[in-house]
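The lines below spell out each chain.
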Amino acid sequence: MLTDAQIGQYHADGCLVLPGFKSADEIAALRQRALQLVEAFEPGDRQSVFTTHDQARTADAEFLASGDRIHCFFEEEAFDAEGRLTRPKAQAVNKIGHAMHDLDPVFERFSHGPALASLAADLGLARPLVWQSMLIFKPPGIGGEVKWHQDATFLDTTPCTVTGFWFALEDATRDNGCLWVQPGGHRGPLRERFVREGDAVRMEVLDRTPWPDEASAVALEVPAGTLVVFHGLLPHWSAPNRSDRSRMAYTLHATDAASAWSPANWLRRGPGLPPRGFQ
Ligand code: FE2
């Protein structure tokens with residue numbers, strides 16, 4: 001799948017941009033299915049209980065239960081004081097997560113197959129386990145910034161093997177909030193770990209190495225259909241969407257079965273849905 005030069009570049013930079021990995025038809029099918037899931041989704045009891053406190057508690061419980069489900073998460077700004085959505089669902093949704101790749105036939109098809117399996121092998125994942133999928137909408141105007149972070153913070157294994165697969169479902173530009181990365185930054189330490197204990201979560205500081213400054217960050221402006229693969233320790237962020245169009249992206253995160261999955265990871269799979277590979 002990859003040339004030796006591409007594999008070398010991935011190890012040097014911690015990321016690799018693969019334009020045209022998915023066809024326009026595949027991209028369109030996933031976008032359409034994502035919008036169907038959002039339209040069919042009912043935001044739940046948010047409208048009945050909507051104090052700030054209850055809202056945070058409901059959001060946490062929904063998040064923690066979503067490791068083996070399909071759940072739509074909405075932008076907080078999209079609700080009024082009574083908990084009603086103030087705009088159409090498709091313009092209010094933040095993301096869908098986290099098991100569409102195993103539970104929904106359209107997502108399942110997009111997320112598996114020989115091309116992804118051979119790419120994962122080239123990246124060093126001998127026995128990949130695809131733990132989560134996220135459809136990130138980044139709607140116009142309301143889609144917020146995602147601060148500098150490393151994905152290994154949220155999917156911790158020993159040794160660190162988590163690898164991100166980021167598919168542009170629409171053209172990603174500086175204006176609509178494309179990814180920014182620090183090439184080579186994956187050789188630095190893991191700074192934080194998101195720890196779950198029962199139904200409580202907290203962020204643990206592991207290393208105080210500062211996040212990259214603007215000068216060492218590179219914007220990945222890529223057309224729809226591009227796949228960006230990146231190492232779990234690579235620092236990255238994305239700006240708010242200040243344009244008048246959305247910036248939909250789809251991500252998969254995989255680890256190698258040979259690495260030890262931390263029992264403190266937030267993401268849990270029930271016994272009926274163990275993680276599987278790309279085939
Ligand atoms: Fe990330």
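Use the structure listed above.
The sections below set out a description of the structure shown in this document.

**What about the side chain of Thr153?**
Consideration 1: Along the chain, the position of Thr153 falls in the loop between strand S5 (146-149) and strand S6 (157-158).
Consideration 2: Its relative accessible area of 2% is what places Thr153 among the buried residues.
Consideration 3: Those residues in contact with Thr153 that sit more than four places away from it in its chain are Leu190, Glu192, Arg193, Phe194 and Met203.

**Observations concerning the coordination of the iron ion**
Consideration 1: The coordination sphere of the iron ion contains the protein donors His149 (NE2), Asp151 (OD) and His236 (NE2), at a distance range of 2.1 to 2.2 Å.
Consideration 2: Coordination of the iron ion draws on donor residues from a single chain, spaced H-x1-D-x84-H in sequence. Taken together, the residues span a long stretch of sequence, with His149 in strand S5 and His236 in strand S13 (residues 236-238) at a distance of 87 residues.

**Things to note about the side chain of Asp156**
Consideration 1: Here Asp156 shows up in the loop between S5 and S6.
Consideration 2: What makes Asp156 buried here is its relative accessible area of 9%.
Consideration 3: Reaching out from Asp156, the side chain makes a polar contact with the side chain of Arg193 at a distance of 3.5 Å.
Consideration 4: Excluding residues within four positions of it along the chain, Asp156 makes contact with Leu190, Arg193, Ala260, Trp261, Ser262 and Asn265.

**As for the sheet that holds strand S8 (residues 179-181)**
Consideration 1: Strands sit in the order S5-S13-S8-S11 across an open sheet of 4 strands; the sheet is antiparallel. Pairing within the sheet leaves two strands with one partner each, and these edge strands are S5 and strand S11 (218-220). For this sheet the average axis-to-axis angle between neighbouring strands, irrespective of direction, equals 25°.
Consideration 2: Sheet topology note: the S5/S13 ladder contains 2 bridges and is antiparallel. Within S13, the position partnered with His149 by the bridge is His236.

**Description of the nonpolar core**
Consideration 1: Leu119, Leu135, Phe165, Phe167 and Tyr250 are the most contacted members of the largest nonpolar core, which totals 41 residues.
Consideration 2: With 5 residues, helix H2 (residues 24-40) is the largest single contributor of residues to this core.
Consideration 3: If sequence neighbours within four positions are ignored, Leu119 has contacts with Met1, Leu2, Leu18, Phe21, Phe165, Leu227 and Val229.
Consideration 4: Ala168, Val228, Leu234 and Ala249 belong to the second-largest nonpolar core, a separate cluster that totals 19 residues.

**Thoughts on helix H7 (residues 114-122)**
Residues that lie three or four places apart on an α-helix share one face, since the helix turns once every 3.6 residues.
Consideration 1: Listing the buried residues of H7 in full gives Leu116, Ala117, Leu119 and Ala120. The buried side chains of H7 occupy one side of the element, clustering within an arc of 165° when seen end-on.
Consideration 2: Where the residues of H7 are buried, they touch strand S1 (15-18), helix H6 (105-111), strand S4 (128-136), strand S7 (163-168) and strand S12 (227-231).
Consideration 3: One or two positions beyond H7, positive phi appears at Gly124, with a value near 100°.

Rules behind the numbers
Along every chain, residues carry numbers that run from 1 in the direction the sequence is written. Side-chain atom pairs in this predicted model are given and counted only at pLDDT of 80 or more, local residue features only at pLDDT of at least 70, and totals for whole chains, interfaces and linings cover all residues. Water and hydrogen atoms were dropped before computing side-chain values, which therefore reflect all heavy atoms in the structure. Each helix is a run of H or I in the DSSP string that is no shorter than four residues. Each strand is a run of E no shorter than two, and both are numbered from the N terminus. Relative accessibility decides the category of a residue: with a 1.4 Å probe and only protein chains considered, values under 20% of the type maximum give buried, values over 50% give exposed, and everything between is partly exposed. Whether two residues touch is decided by their heavy atoms; if any such pair falls within 4.5 Å, the residues are in contact. A donor here means any N, O or S atom no more than 2.8 Å from the metal (3.2 Å for Na, K and Ca); water is not included, so a site may seem to lack partners. Polar contacts here mean pairs of N or O atoms no more than 3.5 Å apart (in protein, one a potential hydrogen donor and the other a potential acceptor; neighbouring residues in sequence count only if both atoms are side-chain atoms). The rule for pairing is simple: two strands pair if DSSP sees at least two bridges between them. All axes here are fitted lines through C-alpha atoms, helices being fitted over the stretch that makes contact, and every angle between N-to-C directions spans 0 to 180 degrees. Here the nonpolar core consists of buried residues drawn from Ala, Val, Leu, Ile, Met, Phe, Trp, Tyr and Cys, with membership extended through side-chain atoms lying within 4.5 Å. It is the directions from the helix axis to the C-beta atoms whose arc is reported.

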